[in-house]
Amino acid sequence: KKVHCLFWDKQQSDASMLRKFSKVFEEADVSIGHNSKSFDVRHIQARIATAQLPPMNLGLLEDTYRATKKTLNLPSYRLDYLARHFGLKGKLKTGGIQLWLDVWKEKDFKALQKMGRYCKQDVLLLEQVFKKLKPSSFSKAMKRKIVFDTRNFLDQEAFEKDGFLYLGVGKRVA
């Protein structure tokens, strides 16, 4: 699978990156994130406002953190914990805040590359966790029980059994 990563320019201006991200995000039929409604989206919208760009249209945004917190009784709802709970590899270790400081303050290109690898693995891990969740985990958290699976990687039968309208397009990926 190919996961694309956007980086800021040499002056650490993120305006161009935010324009590209907003375009891709707004073209998505459904976006899935983990704690994205409380953290990622708010942070991105703040950066967009700072860059004086038009606000991003959120469209249909589902959040695995909120869905699992509403439906599962677990000691933690962090993505790393959920992955390990479902028998998957956890998140990559970055060394904590120091990586971000190296990227931001030191403008360390190797640190930026490491951050990119971390982000890409995070996306793939989220997809794996999402696949492990039963459709009923999302039914309580979703406003509409509609799944538009543009990559055809979800279990259509399981979603329909839980009362979802499942719409799959494109070719199935293994």
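The following refers to the structure shown.

Analysis parameters
Residues numbered from 1 in each chain as written. Predicted model: local features only at pLDDT ≥ 70, side-chain atom pairs only at ≥ 80, totals over all residues. Heavy atoms only, no water. Helix = DSSP H or I, 4+ residues; strand = E, 2+ residues; numbered from the N terminus. Contact = heavy atoms within 4.5 Å. Areas by Shrake-Rupley, 256 points an atom, 1.4 Å probe, with all protein chains shown as cover. Expected span 1.5 Å × (residues − 1). Buried < 20%, exposed > 50% of the residue type's maximum accessible area, 1.4 Å probe, protein only. Arc of directions from axis to C-beta. Core = buried A, V, L, I, M, F, W, Y, C linked by side-chain atoms within 4.5 Å. Axes fitted to C-alpha atoms, helices over the stretch in contact; angles between N-to-C directions. Parallel < 35°, antiparallel > 145°, perpendicular 65-115°, else oblique. Left-handed = near helix turned anticlockwise from the far one by under 90°. Nonpolar A, V, L, I, M, F, W, Y, C, P; charged D, E, K, R; others polar.

Observations regarding the overall build of the chain
Part 1 of the argument: Counting its regular elements, the chain contains eight helices and four strands.
Part 2 of the argument: In the chain, the succession of helices and strands from N to C terminus is α-β-α-β-α-α-α-α-α-β-α-β.
Part 3 of the argument: Of the contacts formed within the chain by residues at least 6 apart in sequence, a portion of 58% connects residues at least 24 apart.
Part 4 of the argument: Summing over all exposed atoms, the chain offers an accessible surface of approximately 11,600 Å²; the carbon and sulfur share of this is 54%.

Remarks on helix H1 (residues 15–27)
Part 1 of the argument: Counted at 1.5 Å a residue, the expected span for H1 with its 13 residues is 18 Å, and the 19 Å between its end C-alpha atoms agrees.
Part 2 of the argument: Among all positions of H1, only Ala 15, Met 17, Leu 18, Ser 22 and Phe 25 are buried. Seen from one end, H1 has its buried residues packed into an arc of 145°, which puts them on one side. Facing away from the buried side of H1 by over 90 degrees, the exposed positions are Lys 23, Val 24 and Glu 27.
Part 3 of the argument: The inward-facing, buried residues of H1 contact strand E1 (31–33), helix H2 (36–50) and strand E2 (61–63).

Focus: the nonpolar core
Part 1 of the argument: Counting residues in hydrophobic clusters, the biggest one holds 10 residues: Leu 74, Tyr 77, Leu 79, Leu 82, Ala 83, Leu 88, Leu 125, Leu 126, Val 129 and Leu 133.
Part 2 of the argument: Looking at this core, the elements with two or more residues in it are helix H4 (79–85) and helix H6 (109–132).
Part 3 of the argument: Look past the residues within four positions of Leu 125 in its chain and what remains in contact with it is Leu 79, Ala 83, Leu 88, Lys 89, Gly 90 and Lys 91.
Part 4 of the argument: Judged by nonpolar contacts, the second largest core, of eight residues, contains Leu 18, Phe 25, Val 41 and Met 56.

A closer look at the packing of helix H5 (residues 97–104) against H6
Part 1 of the argument: It is at 8 Å that the axes of H5 and H6 come closest, and there the two elements cross at 130°. In terms of their interaxial angle, H5 and H6 are classed as oblique. Considering only the axes of H5 and H6, their crossing is left-handed. Across from Leu 99, Trp 100, Asp 102 and Val 103 in H5, the residues of H6 making contact are Ala 111, Leu 112, Lys 114 and Met 115.
Part 2 of the argument: In terms of residue class, the contact of H5 with H6 is built from six nonpolar, no polar and two charged.

Shape descriptors only; they carry no functional weight alone.
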